[in-house]
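# Residue-level structural notes
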Amino acid sequence: MHARAVAATASALLGLVALLLPIPGARADHEAGRPAVIAHRGASSLAPENTLAAVDRARRLGFTWVENDVQRTRDGVLVVLHDAGLARTTDVERVFPGRAPWRVRDFTAAEIARLDAGSWFGRRFAGVRVPTLRQYLARVERNRQSLLLEIKNPELYPGIGRQVLRELGRAGWLDRRHLSRLVVQSFHVPTIRSVHRLRPAVRTAVLGSPTIAELRTYARFTDQINPQHLKLTVGYVAAVQRLRGPHGRPVEVCAWTVDRPIDALLAAGYGVDCLITNRPDVVRRALSVFWTSP
Ligand code: G3P
Ligand code: CA
């Protein structure tokens, strides 16, 4: 089929979906209830994930919120990277052939700074580096973006929650102006509980889907519950949003990783507050069926 015909068919299908789903577009104010779109690992379908290039790409597309992952090197430096290992997203196997299994925590910051974290994604990204958290925070600040920061694999890095807070504070991200632009999240509930205890003003998110019975306890220390999108139901989203979080506002739901238009429309129909996506441009276009402004 001709590409334009495919696009027209897809668009017609989305229109049909729009008619069938309980989308909040039925509200009088069509802008109300529009989920925020968060660029997952930066705009990671368009630039190498968790790099400054991916954050910049999100900015150029007009996305304020970026999600990124933080871990720690052997010499205690916080770096922005998703996997516990370096092999998938860098050339570490070529640069350090004798160092299998190439875990982040086995390499110093100086060693990681030598790695190419862009070529695996595309030749035009050759030479892109793994950013330190410090470099990353400076770039997000320069771009005037907001930050959903995931503490990744905290079980591997004792004390990383406290260290991340220290680094955020050092970079000026814990003042009043920045706090509205910051959420710290993790799959590891004790880490989120501890971040809340150490810095109650920081908004937090638990990744995963605790049972409805557990939600009330979670709402004491977390402002968001962020489930995998396939786990969503209308009832679950409503049960979360009925609760007040530690800052007195309804607990929010941000679903991940929502990359297909149909999934974005479904999640929006369930009433989520945000969509975390590798394809923010695609998701924004899908949502524009109901909401006109970016
Ligand atoms: O922000 C949600 C998402 O990042 C959680 O999964 O593995 O991509 O970090 P993962
Ligand atoms: Ca993540």
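About the criteria used
Residues numbered from 1 in each chain as written. Chains lettered and ligands numbered in written order. Predicted model: local features only at pLDDT ≥ 70, side-chain atom pairs only at ≥ 80, totals over all residues. Heavy atoms only, no water. Helix = DSSP H or I, 4+ residues; strand = E, 2+ residues; numbered from the N terminus. Buried < 20%, exposed > 50% of the residue type's maximum accessible area, 1.4 Å probe, protein only. Contact = heavy atoms within 4.5 Å. Areas by Shrake-Rupley, 256 points an atom, 1.4 Å probe, with all protein chains shown as cover. Phe/Tyr/Trp six-rings, centres within 6.5 Å; stacked < 30°, edge-to-face > 60°. Near = heavy atom within 4 Å. Polar contact = N/O pair within 3.5 Å; in protein donor to acceptor, adjacent residues only side chain to side chain. Nonpolar A, V, L, I, M, F, W, Y, C, P; charged D, E, K, R; others polar. Donors = N, O, S within 2.8 Å, 3.2 Å for Na, K, Ca; no water. Axes fitted to C-alpha atoms, helices over the stretch in contact; angles between N-to-C directions. Parallel < 35°, antiparallel > 145°, perpendicular 65-115°, else oblique. Left-handed = near helix turned anticlockwise from the far one by under 90°. Core = buried A, V, L, I, M, F, W, Y, C linked by side-chain atoms within 4.5 Å. Disulfide = S-S within 2.5 Å.

This paragraph deals with the overall build of the chain. On a plain count of helices and strands, the chain comes out with 12 helices and nine strands. With 294 residues in all, the chain has 54% of them scored as buried. Counted over contacts in the chain with a minimum sequence separation of 6, partners at least 24 positions apart contribute 61%. In the form shown here, the chain has an accessible surface area of approximately 13700 Å², with 54% of it arising from carbon and sulfur atoms.

Further remarks concern unusual backbone geometry. P101 follows A100 through a cis peptide bond whose omega is 5 degrees. Mapped onto the elements, P101 comes out in the loop between α3 (92–95) and α4 (109–113). Going from W256 to T257, the amide bond is cis rather than trans, its omega being -25 degrees. Relative to the helices and strands, T257 is located in the loop between β8 (252–255) and α11 (261–270). Although it is not a glycine, R41 adopts a positive phi angle of roughly 60 degrees. Assignment of secondary structure puts R41 in the loop between β1 (36–40) and α2 (52–60). The exposure class assigned to R41 is buried, which follows from its relative accessible area of 15%. Although it is not a glycine, W102 adopts a positive phi angle of roughly 60 degrees. Mapped onto the fold, W102 is located in the loop between α3 and α4.

Moving on: the packing of aromatic side chains. Under the criterion given, the structure shown has five aromatic pairs. Ring geometry for F96 versus F107: centroids 5.3 Å apart, planes at 65 degrees, classification edge-to-face. Here F107 lies in the loop between α3 and α4 and F96 lies in the loop between α3 and α4, a separation of 11 residues in the sequence. Their ring planes at 35 degrees and their centres at 5.6 Å tell us that Y218 and F221 sit as a pair that is tilted.

This brings us to the site of ligand 1. Close to ligand 1 lie H40, R41, E67, D69, H82, E150, K152, Q185, F187, L207, W256 and I276, which account for all nearby residues. Between ligand 1 and E150, the relevant distance is 2.9 Å, taken from an oxygen atom to a side-chain nitrogen or oxygen of the residue. K152 places a side-chain nitrogen or oxygen 2.8 Å from an oxygen atom of ligand 1. Relative to its free-state accessible area of 290 Å², ligand 1 is covered by the protein chains to the extent of 92%. Per-class residue counts for the shell around ligand 1 are four nonpolar, three polar and five charged.

Take α2 next. Among all positions in α2, only L52, A53, A54, V55, D56 and A58 are buried. Summarising the contacts, the buried residues of α2 are in contact with β1, β2 (65–72) and α5 (133–142).

Looking now at the coordination of the calcium ion (ligand 2). Protein ligation of the calcium ion (ligand 2) involves E67 (OE), D69 (OD) and E150 (OE), the donor distances falling in the range 2.1 to 2.2 Å. Overall, E67 belongs to the buried group, its relative accessible area being 1%. We classify D69 as buried; its relative accessible area is 1%.

On to the packing of α11 against helix α12 (residues 280–287), then. Viewed as axis vectors pointing N to C, α11 and α12 meet at an angle of 55 degrees, and their least axial separation amounts to 9 Å. Relative to α12, the element α11 lies oblique. The hand of the α11/α12 crossing is right-handed. The residues of α12 that touch α11, namely those facing P261, A264, L265 and A268, are V282, V283, A286 and L287.

The subject of this paragraph is the nonpolar core. If you look at the biggest cluster of nonpolar residues, it comprises 72 residues, and the most contacted ones within it are Y136, L168 and L182. When residues no more than four places from it in sequence are discounted, the contact partners of L168 are L137, L147, L149, W173, L174, L182 and V184. Grouped together as the second largest cluster of nonpolar side chains are 10 residues, L148, A205, C254 and I276 included.

The next subject is helix α8 (residues 189–198). Among the residues of α8, V189, T191, I192, S194, V195 and H196 are the ones counted as buried. Where α8 is buried, its residues touch β4 (146–151), α6 (160–170), β5 (182–186), β6 (203–207) and α9 (212–218).

Time to look at the state of the cysteines. With the rule as written, the count across this model stands at one disulfide. A sulfur-sulfur distance of 1.9 Å marks the disulfide that ties C254 to C274. Taken as a pair, C254 in strand β8 and C274 in strand β9 (residues 274–277) lie far apart in primary sequence, 20 residues in all. Judged by relative accessible area, which is 5%, C274 ranks as buried.

Geometric values such as these leave the question of function open.
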